[in-house]
Amino acid sequence: MLAREGLVMNHEKLLRLYREENLRVRRRRGRKRAMGTRAPMTLPQGPNQRWSLDFVSDTLISGRRIRILAVVDDFTRECLALVVDTSLSGARVARELDAIIAARGAPPLMIVSDNGTELTSLAILRWTQERPIEWHYIAPGKPQQNGYVESFNGRLRDECLNETLFVSLGHARSVLRLWRDDYNHVRPHSGVGGLTPADAARQVAQHRPEGHHTLTSSLFLHPI
């Protein structure tokens with residue numbers, strides 16, 4: 001380029017100036033993705049303070065693979081959603097989160113997930129940048145850092161997925177909808193003092209002063 005402009009320069013001098021001016025084009029080190037936070041997490045002190053996300057996989061009797069997005073409130077242990085489809089993109093996850101927020105009337109303060117490609121996608125990056133929600137990614141290979149939803153996934157698999165042959169996508173959605181209703185409203189949970197998750201949420205709402213959004217975890221929150 002310099003030669004075409006009539007500038008002739010010693011090669012070593014040109015290379016020295018090139019380096020000093022930092023003209024080298026930086027190599028791409030991978031796609032832009034959501035990075036979230038890595039700071040230590042504190043225990044949630046009330047509903048909608050921290051939600052956990054994870055994916056569970058299963059198959060239909062035809063052999064077709066399905067994926068299930070599980071969303072859990074870490075304080076009340078409520079299952080906020082079980083989204084079933086053959087594939088779930090980052091954009092779909094963002095839409096489902098918006099639907100949950102609309103249904104609950106408030107966003108969470110924090111969302112916790114692993115580093116899956118759907119959850120670090122550009123769609124999730126845009127979603128988090130447009131909302132006052134902190135997204136926390138657990139360390140790679142450390143599922144115990146997302147223990148609430150991992151515990152939930154184990155129960156979901158043992159009690160439902162391993163016991164049911166899904167005929168179709170619609171059948172899977174129907175079965176999981178009924179199981180989620182039973183989990184939230186019928187069966188007690190040791191993590192919330194033997195209450196059902198729905199009862200735990202109601203108890204928190206009754207004890208919460210008007211205008212306050214937190215409650216000490218000593219009311220019923222126990223370790224996993």
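Residues numbered from 1 in each chain as written. Predicted model: local features only at pLDDT ≥ 70, side-chain atom pairs only at ≥ 80, totals over all residues. Heavy atoms only, no water.

(A) Broad picture of the side chain of Arg67. If you trace the backbone, Arg67 turns up in strand 2 (residues 65-73). With relative accessibility at 14%, the residue Arg67 sits in the buried group. (Helix = DSSP H or I, 4+ residues; strand = E, 2+ residues; numbered from the N terminus. Buried < 20%, exposed > 50% of the residue type's maximum accessible area, 1.4 Å probe, protein only.)

(B) Spotlight on helix 4 (residues 147-159). If you check helix 4, its first and last C-alpha atoms are 18 Å apart, about what 13 residues at 1.5 Å a residue would give, namely 18 Å. Listed in full, the buried residues belonging to helix 4 are Gly147, Tyr148, Val149, Phe152, Asn153 and Leu156. Those residues of helix 4 that are buried are in contact with strand 1 (50-59), strand 2, strand 3 (79-85) and helix 5 (169-185). (Expected span 1.5 Å × (residues − 1). Contact = heavy atoms within 4.5 Å.)

(C) Structural view of the packing of helix 2 (residues 90-104) against helix 3 (residues 122-129). Two elements in contact, helix 2 and helix 3, have axes separated by 7 Å at closest approach and are oriented at 35 degrees. As helix 2 runs across helix 3, the sense of the crossing is right-handed. Of the residues in helix 3, those touching helix 2 at Gly90, Ala91, Val93, Ala94, Leu97, Asp98 and Ile101 are Ala123, Ile124 and Trp127. Of the residues in the contact of helix 2 with helix 3, the class split is eight nonpolar, one polar and one charged. (Axes fitted to C-alpha atoms, helices over the stretch in contact; angles between N-to-C directions. Left-handed = near helix turned anticlockwise from the far one by under 90°. Nonpolar A, V, L, I, M, F, W, Y, C, P; charged D, E, K, R; others polar.)

(D) Representation of the pairing of strand 1 within the structure. Judged by how many residues are buried, strand 1 sits mostly within the fold: eight of 10 residues are covered. In this sheet, strand 4 (residues 110-113) lies alongside strand 1 in parallel orientation, the contact comprising three bridges. Counterpart to Trp51 in the pairing with strand 4 is Ile111. If you look at the hairpin formed by strand 1 and strand 2, you'll find five residues sitting between the two strands, and Gly63 has a positive phi there, around 95 degrees. (Pairing = 2+ DSSP bridges.)

Distances and angles like these do not, on their own, reveal function.
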